[in-house]
Amino acid sequence: MPRVVGKTAMVVLLCLGLGTPAAAQQPPVHYWHQGAMPPGAIGSLQLQRGGPLPGYFQPVKIKAPDGALISLAEAGTFGPAQQGPVTVGMLIGPVYRIRVTNIPSEYGREVFPTVEVINRLYAPPGTETRFPIEVELTLEELQLALSGKFVTRVIYLEDPQRALPIRQGAQGTNWFEAGPNHDPLAIADQLGRPVAILRLGGRLPDAEGPSIDFLYGCPPVVAVAAPQSPQEPSAAEPTQASRSGLWR
Amino acid sequence: MNPRPASDSTHSPWPRWWRFVVVAIGTLILCSCRAGHPVAGPYGHGPAPSPALPQQAYTGDAAAYLAEADCPGDDAAIPLPSAHVAPWTPPGARAQPWPPDEYLFDGGDQAPATRIAADWEVHGLNAEDTVGHFDTLDGRTVVVPSNRVSIYSPRFGAVRQVVSLRENEQWDPWVGIHQPLQPAGHADVQIAASSKQQYQPEGHVGRSLASIYQTKQGDGAVSNAYRLESTRRRILPGEAPAVLGQNTLEAAETAWLADGVEAALAWSRPEGLQIILDRTRATVETSDQKVETIFTVKEPEARPRLRVIKTASTPYAAPGETVDFTIRFDNVGNQPIGNVTILDNLTTRLEYVPDSAQCTVAADFFTEPNQAESLVLRWEVTEPLEPGQGGVVQFQCRVR
């Protein structure tokens, strides 16, 4: 009997010894996550993987078509509408609900997209706000959402070794179309490092106003002023409203 | 038949020490996966800029640059409430700066190394490589890589998926429930899993303390060993131990002490060998003389060298911005070098600005497409470079 126990213990020890390095060599990808998972699930799983993610407000720059207004959820309701782009600091993991109004050619209609930050950047100290994650709300996708479509847009950080040899100009972020049988998160993972997920379409708030569930608990945001680029000076100074901030 | 040794009585095919070896190997594997790796330093651990470069030149040391230069936008930037003071680097990360997917790299010579064939064809010049090559007086062609420049420039892409939502309403009324099976009975007999039994003590075991203490007295002589605190060895018996070790001078040791002092005086005589020549004290004394003196002149070993230093005008750039690159090349060897050529294979996200290339020495400039959908820049210096001579190449690139 002791001999059998000793052999079993050795086998278990060897399995643990060989299995632990294999688990440690898991590639940092999201292939085991599906892009169609409910909002907040991927970010929560990302937090469980460790790293300096919890509590970090990742600057996110939300772009909208000219004329469209963006409202961020704060204190259980939507805040004042602002002209885009709007740069805010968002936590990694929670889901942020946004209201887009005054959409060109769709006046009087509203879209309520969500933004889920699932990873962060590691910019040199002092340049975090100069290199935010760029979340782009295109007019085409807003119209798709208004027509009853559900749009999932996975924003990823391009791998410089596999970057497209084209300029990123005024037309905005370069993007690919994922087919209906493909996972956009898996494709983004192959092209780079997914950092955020934008979802448009689907759910609308109740008639009496947005509930706290609709706002996903209204997670905190930090308003940051977008720094001026030395080669692309901005015409307007940082607005006072952005400096007043939503510090929590 | 010889009886088996005692160690083989278990009839196991593996010896007992083999089990311990397996257990030790498994333990080492488990511990190796949880041991802390040496934490790589922040960005400041990169190669320091060459002292020959101007102070504003950036060679990849972001921390040094940020410490000295004003960061554009610092005035308008609001510090994040949980921003890290220093850039976070995962344990064991060797790549600097980290993470590499947020940086553009240009310069150096990545594997496979660049080679120049006899027909001047270049092999192994990868994207991001910057090298210089030259011919030596003895007919060799030497390839010299530059340093590697890193520019923080993250760029984003997106993958979009559009799904159509269809509303579907369907009524499925219940038509009936038929459940013929009913429980006929239930019997559950449970056997007690534990029992309690009282045990009475069979006896009482106590411990008595000693009531008598017995001591033993010696003969009254107490011997002590003395040792000086600041010496490494003990005092020998012939070295007057009482006066040296205990600071007690006894009459019987006076003769020993006088003998020792005399011996010390014999070893501390100040006189030594002195030579006086013509009433002048000599400083060097030679014991032999040679009939001839041979003078030899050694020529320095031929060391053809070319130093290539590459710098960027900024450590970070957003897509669409322009970065000025400077390549300085110098003949730091001790003999002339010829056919000096500077090659820069631009990476995918760097786009050469036309007509922006300049060179301070006479050189022919060429461009040709590369495999990264960018360009290979080539400067061929027309005149040989004497030792100490060099030049500067400057050009602009737009970040894609």
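Helices and strands together make up the secondary structure of chain A, namely five helices and 12 strands. Counting only contacts in chain A whose residues sit at least 6 apart along the sequence, the fraction spanning at least 24 positions is 71%. Carbon and sulfur atoms form 57% of the exposed surface of chain A, whose accessible area is close to 11400 Å².

Turning our attention to the overall build of chain B. A tally of helices and strands in chain B yields four helices and 17 strands. The buried share of chain B, taken over its 400 residues, is 30%. Once local pairs closer than 6 in sequence are excluded, the contacts in chain B between residues at least 24 apart make up 66%. Per element, the accessible surface of chain B, about 29000 Å² overall, is 53% carbon and sulfur.

Moving on: helix α3 (residues 139-146) of chain A. The set of residues buried in α3 of chain A consists of E141, L142, L144, A145 and L146 of chain A. Contacts from the buried residues of α3 of chain A go to β6 (95-101), β8 (133-136), β9 (149-158) and β11 (192-200) of chain A together with β7 (156-164) of chain B. Once α3 of chain A ends, the next one or two residues include G148 of chain A, with phi positive near 100°.

Residue and element names in this part refer to chain B. Here five strands make up an open sheet; going across it, the order is β5-β4-β12-β16-β15 and the pairing antiparallel. Bordering the open sheet on either side are β5 (141-145) and β15 (363-369), each of which pairs with just one other strand. On average, each strand axis in the sheet is inclined to that of its neighbour by 20°, with strand direction left out of account. Across five bridges, the pairing between strand β4 (residues 130-135) and strand β12 (residues 338-345) is antiparallel.

Before going further, it helps to spend a moment on the side chain of T136 of chain B. Residue and element names in this part refer to chain B. Looking at where T136 falls in the secondary structure, it is placed in the loop between β4 and β5. Here the side chain of T136 touches D138 through a polar contact of 2.2 Å, side chain to side chain. The contacts of T136, once residues within four sequence positions are left out, are V142, P304 and Q335.

All told, the structure shown has 21 salt bridges over all chains when counted by the stated rule. The partner of E351 of chain B in a salt bridge is R167 of chain A, and the shortest N-O contact between them spans 2.9 Å. Taken together, the residues E351 of chain B in strand β13 (residues 350-352) and R167 of chain A in the loop between β9 and β10 (174-177) connect one chain to another. When its relative accessible area of 17% is taken as the criterion, E351 of chain B is described as buried. A residue is classified by how much of its surface remains accessible, and R167 of chain A, at 43% relative accessible area, is partly exposed. Linking K310 of chain B and D344 of chain B is a salt bridge whose minimum nitrogen-to-oxygen distance equals 2.5 Å. Of this pair, K310 of chain B sits in strand β10 (residues 306-312) while D344 of chain B sits in strand β12; the two residues are 34 residues apart in sequence, bridging distant segments of the chain. Across the pair, D344 of chain B and K310 of chain B agree in class, each one buried.

Another aspect to go through is unusual backbone geometry. The amide bond that connects G84 of chain A to the next residue, P85 of chain A, takes the cis arrangement and shows omega of 0°. Tracing the sequence through the fold places P85 of chain A in the loop between β4 (82-83) and β5 (86-91). In this structure, P99 of chain B follows W98 of chain B across a cis peptide bond, with omega equal to -10°. Relative to the elements of secondary structure, P99 of chain B occurs in the loop between α2 (62-68) and β1 (103-107). In this model, S105 of chain A sits at a positive phi of 65°, which is unusual for a non-glycine residue. Tracing the chain through its elements places S105 of chain A in the loop between β6 and β7 (114-117). With a phi angle near 85°, E128 of chain B is a residue other than glycine that sits in the positive phi range. Tracing the sequence through the fold places E128 of chain B in the loop between β3 (122-123) and β4.

With that out of the way, let us pick up the side chain of E102 of chain B. Here E102 of chain B shows up in the loop between α2 and β1. Given the relative accessible area of 0%, E102 of chain B is considered buried. When neighbours within four sequence positions are excluded, E102 of chain B is seen to be in contact with R120, L121, Y122, A123, L157 and R193 of chain A together with I151, Y152, S153 and P154 of chain B.

Residues and elements named next belong to chain B. As judged from the seven bridges shared by β15 and strand β16 (residues 375-381), these two strands associate in the antiparallel manner. Directly across from P369, in β16, lies its bridge partner L375. Hairpin connection, β15 to β16: the antiparallel pair is bridged by five residues, and E373 has positive phi, about 60°.

Here we take up the nonpolar core. In terms of nonpolar packing, the biggest core is built from 50 residues, with I62, M90, I133, I155 and L200 of chain A touching the most fellow members. Apart from residues no more than four positions distant in its own chain, I155 of chain A is found in contact with I133, E134, V135, R193, P194, V195, A196 and L198 of chain A together with F156, G157 and A158 of chain B.

The full count for this structure, using the stated rule, is 12 aromatic pairs over all chains. Taken together, a centroid distance of 5.6 Å and an interplanar angle of 75° make the contact between F112 of chain A and F214 of chain A edge-to-face. You can see F112 of chain A sitting in the loop between β6 and β7 and its partner F214 of chain A sitting in the loop between β11 and β12 (221-223), a full 102 residues away along the chain. One exposure class covers both F112 of chain A and F214 of chain A, and it is buried. With centroids separated by 5.5 Å and ring planes inclined at 25°, the aromatic side chains of F325 of chain B and F395 of chain B adopt a geometry described as stacked. Separated by 70 residues along the polypeptide, F325 of chain B in strand β11 (residues 322-331) and F395 of chain B in strand β17 (residues 390-399) bring together distant segments of the chain.

Residue and element names in this part refer to chain B. The buried fraction of β12 amounts to seven of the eight residues, a majority that puts the element mostly inside the structure. When β12 meets β16, the two strands line up antiparallel, connected through five bridges. Of the residues in β16, the one forming a bridge with N345 is V376.

Now for the environment of Q335 of chain B. Structurally, Q335 of chain B can be placed in the loop between β11 and β12. Here the alpha-carbon distance between Q335 of chain B and T136 of chain B, two residues 199 residues apart in the chain, equals 8.3 Å.

The subject of this paragraph is the sheet that holds β12 of chain A. All names here are of chain A. On the basis of which strands lie adjacent, the open sheet formed by four strands has the order β8-β1-β5-β12 and mixed pairing. Every other strand in the sheet has two partners, leaving β8 and β12 as the edge strands with one partner each. Between one strand axis and the next, the sheet turns through 35° on average, direction left out of account. Relative to β12, β5 runs antiparallel, the two sharing three bridges. Looking across to β12, one finds that V88 is bridged to A223.

Definitions and limits used
- Residues numbered from 1 in each chain as written.
- Chains lettered and ligands numbered in written order.
- Predicted model: local features only at pLDDT ≥ 70, side-chain atom pairs only at ≥ 80, totals over all residues.
- Heavy atoms only, no water.
- Helix = DSSP H or I, 4+ residues; strand = E, 2+ residues; numbered from the N terminus.
- Contact = heavy atoms within 4.5 Å.
- Areas by Shrake-Rupley, 256 points an atom, 1.4 Å probe, with all protein chains shown as cover.
- Buried < 20%, exposed > 50% of the residue type's maximum accessible area, 1.4 Å probe, protein only.
- Pairing = 2+ DSSP bridges.
- Axes fitted to C-alpha atoms, helices over the stretch in contact; angles between N-to-C directions.
- Polar contact = N/O pair within 3.5 Å; in protein donor to acceptor, adjacent residues only side chain to side chain.
- Salt bridge = Lys/Arg side-chain N within 4 Å of Asp/Glu carboxyl O.
- Core = buried A, V, L, I, M, F, W, Y, C linked by side-chain atoms within 4.5 Å.
- Phe/Tyr/Trp six-rings, centres within 6.5 Å; stacked < 30°, edge-to-face > 60°.

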